[in-house]
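# Results of the structural survey
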Amino acid sequence: EGTYVTESFNEFKAVYERVTTANPTTQEEVNSLTAELTTATNTLRKATLTYTFYKQVAQKDDTKTVIESSTKSYGEVKEFTAEGGYVEEWVIVTENDTDQPVTTTSIKTGENTISLVITRNVQVTAIISENGTSPKNITKVVFRGRNNAVVAIKYIEENAQLLTSDVAVPKIPFYDAGAWD
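Below is a summary of the structure that appears in this document.

### Structural notes on the nonpolar core
Core analysis: the biggest nonpolar cluster contains 15 residues, and Phe80, Trp90 and Val124 have the highest contact counts within it. Here this core gets four residues from one element, more than from any other, and that element is strand S7 (residues 122–128). The next biggest cluster of nonpolar side chains, apart from the first, holds seven residues, and it includes Phe12, Val15, Leu33 and Ala40.

In structure tokens form, the structure reads like this:
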């Protein structure tokens, strides 16, 4: 019980008790109960999660250096900052409850800091450029739509031109906008 967030464990427990005391009479009822139990199992959230932060030099061997390894409670925000050079890429690998990799996300932002909401065990790797410097000056352009929602993010090199026609204008009911302002 202490392994999981109380709310998710109580929800699981209620479903488990109902499913295990049910007396299904048809295959359809068995399938329905199995689906409920599977869903309840999949929504259990661990109370304490592990994160590991690595640093790796790009275009060398796959050797990673552990920068930090610790735990956070479910839903806490962790900021990862890579020092010692330009970050070419962030690689984020989340794990399931059996510590098997589930998803791998690659983010190429040029930013030396990222923040993550910890909801699973996670491995974060900052891949630093081999010479430690940015290959080019890059500018981040954020396109915002209705209610200031981010519609697109584009990264452009110094002296490069970004055509606004390259980014689709969001469709807003009762508003005819043919192009970006």
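### Observations regarding the packing of helix H1 (residues 6–21) against helix H2 (residues 27–42)
For the pair H1 and H2, the least separation of the axes is 9 Å and the interaxial angle reads 160°. In terms of axis orientation, H1 runs roughly antiparallel to H2. In this structure, the crossing between H1 and H2 has a hand that is left-handed. Each of Phe12, Val15, Tyr16, Arg18 and Val19 in H1 lies in contact with H2, whose residues at this interface are Leu33, Glu36, Leu37, Ala40 and Thr41.

### With respect to the pairing of S7
The buried fraction of S7 is high, at six of seven residues. The pairing of strand S1 (residues 48–57) with S7 spans seven bridges and is parallel. Opposite threonine 52, over in S7, you have glutamine 123 as the bridge partner. Where strand S4 (residues 87–95) meets S7, seven bridges bridge the pair, whose relative direction is antiparallel. By the bridge assignment for S7, isoleucine 92 is matched with valine 124.

### Quick notes on the packing of aromatic side chains
Counted under the stated rule, the structure contains five aromatic pairs. Both rings, one in phenylalanine 9 and one in phenylalanine 12, keep their centres 6.5 Å apart while their planes meet at 40°; by these two values the pair is tilted. Of this pair, phenylalanine 9 and phenylalanine 12 both sit in helix H1, separated by three residues, roughly a single helical turn. You can call phenylalanine 9 buried: its relative accessible area is 16%. When the centroid spacing of 5.9 Å and the interplanar angle of 25° are considered together, the rings of phenylalanine 12 and tyrosine 16 count as stacked. Within this pair, phenylalanine 12 and its partner tyrosine 16 are both found in helix H1, separated by four residues, close to a single helical turn. Of the residues examined, tyrosine 16 reaches a relative accessible area of 41% and is grouped as partly exposed. One aromatic cluster is present, built from ring pairs that chain together Tyr51, Phe53, Phe80 and Trp90. Geometry around tyrosine 54 places lysine 64 over its ring, the cationic atom sitting 5.0 Å from the centre. The cationic tip of lysine 78 hangs over the ring face of phenylalanine 80; the distance from NZ or CZ to the ring centre is 5.6 Å.

Cut-offs applied
- Residues numbered from 1 in each chain as written.
- Predicted model: local features only at pLDDT ≥ 70, side-chain atom pairs only at ≥ 80, totals over all residues.
- Heavy atoms only, no water.
- Core = buried A, V, L, I, M, F, W, Y, C linked by side-chain atoms within 4.5 Å.
- Buried < 20%, exposed > 50% of the residue type's maximum accessible area, 1.4 Å probe, protein only.
- Helix = DSSP H or I, 4+ residues; strand = E, 2+ residues; numbered from the N terminus.
- Axes fitted to C-alpha atoms, helices over the stretch in contact; angles between N-to-C directions.
- Parallel < 35°, antiparallel > 145°, perpendicular 65-115°, else oblique.
- Left-handed = near helix turned anticlockwise from the far one by under 90°.
- Contact = heavy atoms within 4.5 Å.
- Pairing = 2+ DSSP bridges.
- Phe/Tyr/Trp six-rings, centres within 6.5 Å; stacked < 30°, edge-to-face > 60°.
- Lys NZ or Arg CZ within 6 Å of the ring centre and 35° of its normal.

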